[in-house]
Amino acid sequence: MGKILTDNLAQGMILTSDVLDRSGRLLLKSGTELTDRHLYILRTWGIVEVDIAGMEDNDTNATPDKTIDPALRSILEDKIMPLFLHADLSHPFMHGLLRMRIQREARNGNQ
Amino acid sequence: MGSYACEFSERPEMATNDTLNKKMMERLINETDSVYSLPLIYERLTEVINHPRSSITDITRIISEDQGLTARLLKLANSPMFGFFSKIDTIDKAATIIGTQQLQALALAVSVMEIFTGIPEELVNMKSFWQHSIACGIIARTLAIYHRDINAERVFAAGILHDVGRLVMFTTIPEIVKEMIVESREEESLLYWIEENRFGFTHANVGGRLLANWNIPESIAEPVYCHHSPVEAKKFPLETSFIHMADIICKALGIGSNGEQFVPPLEPSTWERMGIPAGSLVEIVRYAEPQLEETLAILGKNAS
C-alpha cells in the first residue's frame, strides 16, 4: 500500500486505512471502494492524501509524474540532481521536493 | 537577553579561534550598523506598541506619517496573502483586522528591505535575492498558518529577513564572499559550511545578531540566527523550523536565488516537529504561489 494525493484519486480505488479529519473524526473506513461521492467528501474535508491498495510506498505523486516524457525527464534530472547533492533524498520531504521541482520545470518547458 | 541562542559566546564548538571569530562578527555588525540603520519610524512604532497605555490611534498616527510605508502596508493587507473580502483602506482598519503586532512585523520587513542598497550585481542579483526571501517568508507563513500559529506575520517577517546576514557579508566583506563562492563551486560545498569553517559562524548567525542588535523581537531574530542549525533554537524552535523548511523548499523549487547554489540539507527533527504529511507539500506550495507575485510587486519596487 502507499499514499496517494486526493487530486490523483480515481473511482474504484480501495482505501487501506481509515481516513480521519484533523480532529480525528472518522470520515471513511478502511476497505471502502471510492466513488465520486467519496472523492467529493475527501476534497470538502481538505484531506490531501490517503492510503490506497496496490500503490508503492512514497509514490504520492505517481500519476502526474508519469506524464513527463522520459527523454525530457532525463534531461531535467541531469540538470537538477546536482543541486540536491547535499540533500538526503531518502527522506520523504526532500524526495517530494525533488519530484515537484522536476514537474515544475517540465511544466515551464525549461530544459 | 537571557538564554537566547543569538548570544554568540554560547556556541560550544568555538573554543579555539573563539576570540578572533568573535571580533570578526563584531566587525561585521558594527560596520553594518554604522552604514545602515532601521528607520526611526520603526523604533517609534515599537515603542508605542510595547507601551501598555498606547491605543490603536497612537499606532496608526505614527505609521501614517510615512506615506510610502502606509501605502505598502495597505497594499499588503489587501493582497491575496490575507484574502479579506472587504477593502482595507485605512491603517486603522488594518491594525484592527490584522493586529498591531502583525502590522509591526510587516513594517519591519518593509523597512529592512528598503535600507540595503548598492550590493554588487556580481555577488547577487538583488531582485532574485528578494524573490527568494519573500518566497521563503510566504511559505514559512503558510506553514505557520497550517500549524495554526497565531504569530504568522512574525514568521513572515523572519522569512523575509532570514538571509539578511548575507547582505551584511556582501556589503562588508565582498572580496571574501567572492572567494567563498568560488570555493563552494570548486569544492561542491555549501556556502554556509565554508562560512562556518572560515569564521566559526554563518550568515544566519550574522543576520540573527544584527537583528538582535536592532532590538528586533527574539521571535524573529532567533529563527533567523538558527535557520541552518534549527536544533540550536531554544526559545522559538517551531518558528525556526518554519524558516528552515521554507528556505529548503524555495531552494529546492528554484524560486529566486541567494548566492547559494545547493539545496541545503534538512534537519529531520524539524519535519517531525511539523507533523505534516508529505503530500501536503504540494498543497502548501499551491496555496503560497499565487501570493508570491503580488507580494513581490508590492515589496519589490524599493528592493531592486
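Residues numbered from 1 in each chain as written. Chains lettered and ligands numbered in written order. Predicted model: local features only at pLDDT ≥ 70, side-chain atom pairs only at ≥ 80, totals over all residues.

Observations concerning the overall build of chain A
Of the regular secondary structure elements, chain A holds four helices and four strands. Helices (α) and strands (β) of chain A occur, in sequence order from the N terminus, as β-β-β-α-β-α-α-α. Residue burial in chain A is summarised as follows: out of 111 residues, 23% are buried. Of the contacts formed within chain A by residues at least 6 apart in sequence, a portion of 64% connects residues at least 24 apart. (Helix = DSSP H or I, 4+ residues; strand = E, 2+ residues; numbered from the N terminus. Buried ≥ 20, exposed ≤ 12 C-beta atoms within 10 Å, placed from the backbone. Contact = placed C-beta atoms within 7 Å.)

Considerations on the overall build of chain B
Within chain B one finds 16 helices and zero strands. Computed over its C-alpha atoms, the radius of gyration of chain B comes to 19 Å, within 12% of the 19 Å expected for a compact globule of 304 residues. Each principal axis of the C-alpha distribution contributes one length, and for chain B these read about 55 × 45 × 40 Å. In chain B, which comprises 304 residues, the proportion classed as buried is 48%. Long-range contacts, defined as pairs at least 24 residues apart, comprise 68% of the intrachain contacts of chain B with a sequence gap of at least 6. (Rg over C-alpha atoms; globule rule 2.2 N^0.38 Å.)

Let's talk about the environment of N30 of chain B
With respect to the helices, strands and loops of the structure, N30 of chain B is situated in helix α1 (residues 18-35). By C-beta crowding, N30 of chain B is classed as exposed, having 12 other C-beta atoms within 10 Å.

Section: the domain arrangement of chain B
The parts lose accessible area when they come together, and the size of an interface is often stated as this lost area. All names here are of chain B. In terms of domains, chain B is made up of domain 1 (37-115) and domain 2 (119-303). The straight-line distance from the C-alpha centre of domain 1 to that of domain 2 is 23 Å. Taken together, the 16 residues of domain 1 in the interface contact 20 residues of domain 2. Where the side of domain 1 that touches domain 2 is concerned, the elements lending two or more residues are α4 (67-77) and α6 (100-115). Here the element with the most residues in the side of domain 1 that touches domain 2 is α6; it accounts for nine residues. In terms of residue class, the side of domain 1 that touches domain 2 is made up of 11 nonpolar, two polar and three charged. (Domains from an automatic or database assignment. Nonpolar A, V, L, I, M, F, W, Y, C, P; charged D, E, K, R; others polar.)

Observations regarding helix α11 (residues 191-199) of chain B
All names here are of chain B. For α11, the complete set of buried residues consists of L191, Y192, E195 and F199. The arc enclosing the buried residues of α11, seen along the axis, measures out at 95 degrees, which places them on a common side. Tucked into the core, α11 has its buried residues touching α1, α10 (174-187) and α12 (203-213). (Arc of directions from axis to C-beta.)

Quick notes on the confidence of the model for chain A
The pLDDT averaged across chain A works out to 81; a share of 86% of its residues lies at or above 70. Overall, residues 57-64 of chain A carries pLDDT values under 50, and its contacts beyond four positions in sequence, including any with other chains, amount to 19 contacts. (pLDDT = per-residue confidence, 0-100.)

Some points on the nonpolar core
Considering soluble globular proteins, one finds that nonpolar side chains tend to be buried as a cluster. All names here are of chain B. Core analysis: the largest hydrophobic core is formed by 109 residues, its most contacted members being L73, A109 and A140. Per element, the largest residue contribution to this core is 11 residues, and it comes from helix α7 (residues 126-146). Setting aside residues no more than four positions away along its own chain, L73 makes contact with I63, I91, A94, L103, L106, A107 and V110. (Core = buried A, V, L, I, M, F, W, Y, C linked by C-beta atoms within 7 Å.)

A short note on the packing of α4 of chain B against α6 of chain B
Residues and elements named next belong to chain B. Direction vectors running N to C along α4 and α6 enclose 120 degrees, while the axes themselves pass 10 Å from each other. What the angle tells us is that α4 and α6 run oblique. Crossing of α4 against α6: the hand is right-handed. Taking contact as the criterion, the partners of L69, R72, L73 and L76 in α4 are, on α6, L103, L106, A107 and V110. Of the residues contributing to the contact of α4 with α6, the split by class is seven nonpolar, no polar and one charged. (Axes fitted to C-alpha atoms, helices over the stretch in contact; angles between N-to-C directions. Parallel < 35°, antiparallel > 145°, perpendicular 65-115°, else oblique. Left-handed = near helix turned anticlockwise from the far one by under 90°.)

Some details on the domain arrangement of chain A
One can read the domain layout of chain A as domain 1 (2-52) and domain 2 (68-108). Distance between the C-alpha centres of domain 1 of chain A and domain 2 of chain A: 27 Å.

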